[in-house]
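# Residue-level structure breakdown
The lines below spell out each chain.
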Amino acid sequence: MTDIEAFILNEFIPAKPLDSNLEVDFTLRKQPKSEKCGQRRCGDILKFPFAQTSSTLTAASIKHSQVLVEADKATETKRVVELTLESDDFDYEPGDTIGVLPSNAPAVVEQLLNRLGLIDQADTICQIKLALKCAKKSAKIPAHIPDSTCPREIFTHCLALNGVLQKQFLSALASYTSDAKERGFLACLSSKQATAHYNSLILEQGLRFPDILELCASCQPPLAFLVEHLPRLLPRPYSIANSPLESGTQELRIIYSVLSPKAGVTTSMLEAKCQRQEQPAKVFIYPRLTNTFRYTEKDLCSNQILIAVGTGLAPFLGFLAHKEHHQKQQPAKGQTWLYVGAKTPQAVLKRNKLLAWQQSSVLQRLRMCHSRGESPSYVQQLLEEDAEELVKLLLKPDTVLYICADGAKISTSIASGLCLCLQKVLHLDETEATRQLKELREQGKYREDLWL
Ligand SMILES: Cc1cc2nc3c(=O)[nH]c(=O)nc-3n(C[C@H](O)[C@H](O)[C@H](O)COP(=O)(O)OP(=O)(O)OC[C@H]3O[C@@H](n4cnc5c(N)ncnc54)[C@H](O)[C@@H]3O)c2cc1C
């Protein structure tokens, strides 16, 4: 438990606190008309990030879930799960992504309602309104809060409870705190003078709103303030990990990894839904805008160099299944090379399937490496080992290189590896190789799916 007193400086100037412009009206007895809940009841004014304009939210049933990789503490391997979702026709190509609507865990919400003294009103219909005394012209009711709602719905479906807390928010929390020590802690944490403490507690240790409430027992922010200033609970993107040719467009698969010991909001929700006995559990999804990170029929004649680390293999499983199915009708002329990095051989998603694709000439080259164990190796090393042939293939006019890795550092290391390959094979200096890599990006020959 953090000793909050140790974080109070002798002298500090608290940040300007966020103001409060809303109020909650519990006198309303209007029941919501629709059966929908949360942000799905907010109407067309509420936009979902990167949604295709024509798309609406779809309730997809979880038809099947399968653990692809077991968690392993010794090698820091994350548990990886594949979900098969069934929904109405969903037009997609391998590489496309969907948005998944998350919800906060019922136990977390229950605890919060209790802690904020809202448990008796948890399911009482209410309406968020502009405060009568509100003088701020720009004040408005957040679009992600339904017109008539209840505190439980707000905390479950609308607000992000685990966002990074801004200093002005902390300063406002101080004003809702009766205990002097706790108030001092929050006010100080919001100050410029205590930036080192803010960085360590909020940014590095990851203290979030529920943790602050636990540390400061007398902090009692009103619901209206939280509705106004906690961020919106946003959908998370997931890559489609199969081909529509495998199962038709009513079925799609996603693959997610679970952070341990504290899983994220969406992944916890998906885990809980998979464990539900009464089937089928549903998740709300929508198709996101497409981009060039996809594999379609016309790519059968071109070459692909696929580079994946960890769960980043997910979209490529769709690419390869698509190629396999098309190949049954017409032989594919293009070459497909796959480089895979994972912590251990067991952590390579669908390893046997990859080997089978290599056997059946869906893959012309399959290279795998593992970052844990006696002789750790990394994808960039494999690239450098293959430098001559790799650069030759990459520079052909109809070759595209795709990278998918679940971390920024990894993507940077892969880019550096590729840069070294260009230097070595084309006898370039670093500046020129970097410039050529940039040019490849601009030409659409170097495509990256960033998961951040
Ligand atoms: C275009 C795109 C495609 C994506 N495709 C996939 C996909 O196919 N499969 C997939 O698993 N993810 C994918 N992601 C990431 C995904 O959208 C989520 O960010 C991830 O699943 C964590 O969501 P959460 O709500 O559970 O975690 P949050 O509640 O948002 O987690 C909070 C923080 O915890 C950390 N965290 C949580 N879970 C993990 C994890 N598993 N690994 C590392 N850190 C974690 C992160 O730092 C995160 O910021 C994709 C992201 C993008 C932008």
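Data block above holds the structure.
Attention here is on the structure that accompanies the text. (Residues numbered from 1 in each chain as written. Predicted model: local features only at pLDDT ≥ 70, side-chain atom pairs only at ≥ 80, totals over all residues. Heavy atoms only, no water.)

## Some details on the packing of helix H1 (residues 106-115) against helix H2 (residues 151-158)
Cut-off, in case you're wondering: Helix axes are fitted to C-alpha atoms over the stretch in contact, other axes to C-alpha atoms as well, and angles between N-to-C directions run from 0 to 180 degrees. Numbering goes from the N terminus for both helices and strands, where a helix is a DSSP run of H or I of at least four residues and a strand is a run of E of at least two. In this scheme, roughly parallel covers angles under 35 degrees and roughly antiparallel covers those over 145, while 65 to 115 is roughly perpendicular and the rest are oblique. Crossing handedness: left-handed means the near helix sits turned counterclockwise from the far one by under a right angle, and right-handed means the same turn made clockwise. By the convention used here, residues are in contact when the closest approach between their heavy atoms is within 4.5 Å.
Following both chains from N to C, one finds H1 and H2 inclined at 135 degrees, their axes separated by 10 Å at the closest point. Between H1 and H2, the angle is such that the two are oblique. By crossing handedness, the relation of H1 to H2 is classed as right-handed. Side by side, H1 and H2 meet where Val 109, Glu 110, Leu 112 and Leu 113 of the first sit next to Pro 151, Arg 152, Phe 155 and Thr 156 of the second.

## Regarding the environment of Glu 76
The test is simple: Accessibility here uses a 1.4 Å probe with only protein chains present; expressed as a share of the type maximum, an area under 20% marks a residue as buried, one over 50% as exposed, and anything in between as partly exposed.
Within the secondary structure, Glu 76 is located in the loop between strand S2 (58-69) and strand S3 (79-86). Judged by relative accessible area, Glu 76 falls into the exposed class, the value being 52%. Taking the C-alpha atoms as reference, Glu 76 lies 9.0 Å from Arg 372; in sequence the two are 296 residues apart. Among residues more than four places away in sequence, those in contact with Glu 76 are Lys 343 and Arg 372.

## Considering the nonpolar core
Definition in use: In this text, buried Ala, Val, Leu, Ile, Met, Phe, Trp, Tyr and Cys residues form a nonpolar core when linked through side-chain atoms within 4.5 Å.
The biggest cluster of nonpolar side chains holds 44 residues, and the ones touching the most others in it are Phe 155, Leu 170, Leu 173, Phe 185, Leu 186 and Phe 209. Listing elements by their share of this core, those giving two or more residues are H1, strand S5 (126-130), H2, helix H3 (167-175), helix H4 (180-189), helix H5 (195-204), helix H6 (209-215) and helix H7 (223-229). Once you skip the residues sitting within four places of it in the chain, Phe 155 turns out to touch Asn 104, Val 109, Leu 112, Leu 113, Leu 116, Leu 118, Leu 161, Leu 223 and Leu 226. Among the nonpolar cores identified, the runner-up in size contains 32 residues, and Val 69, Ala 314, Phe 319 and Leu 349 belong to it.

Just distances and angles here, no functional claims.
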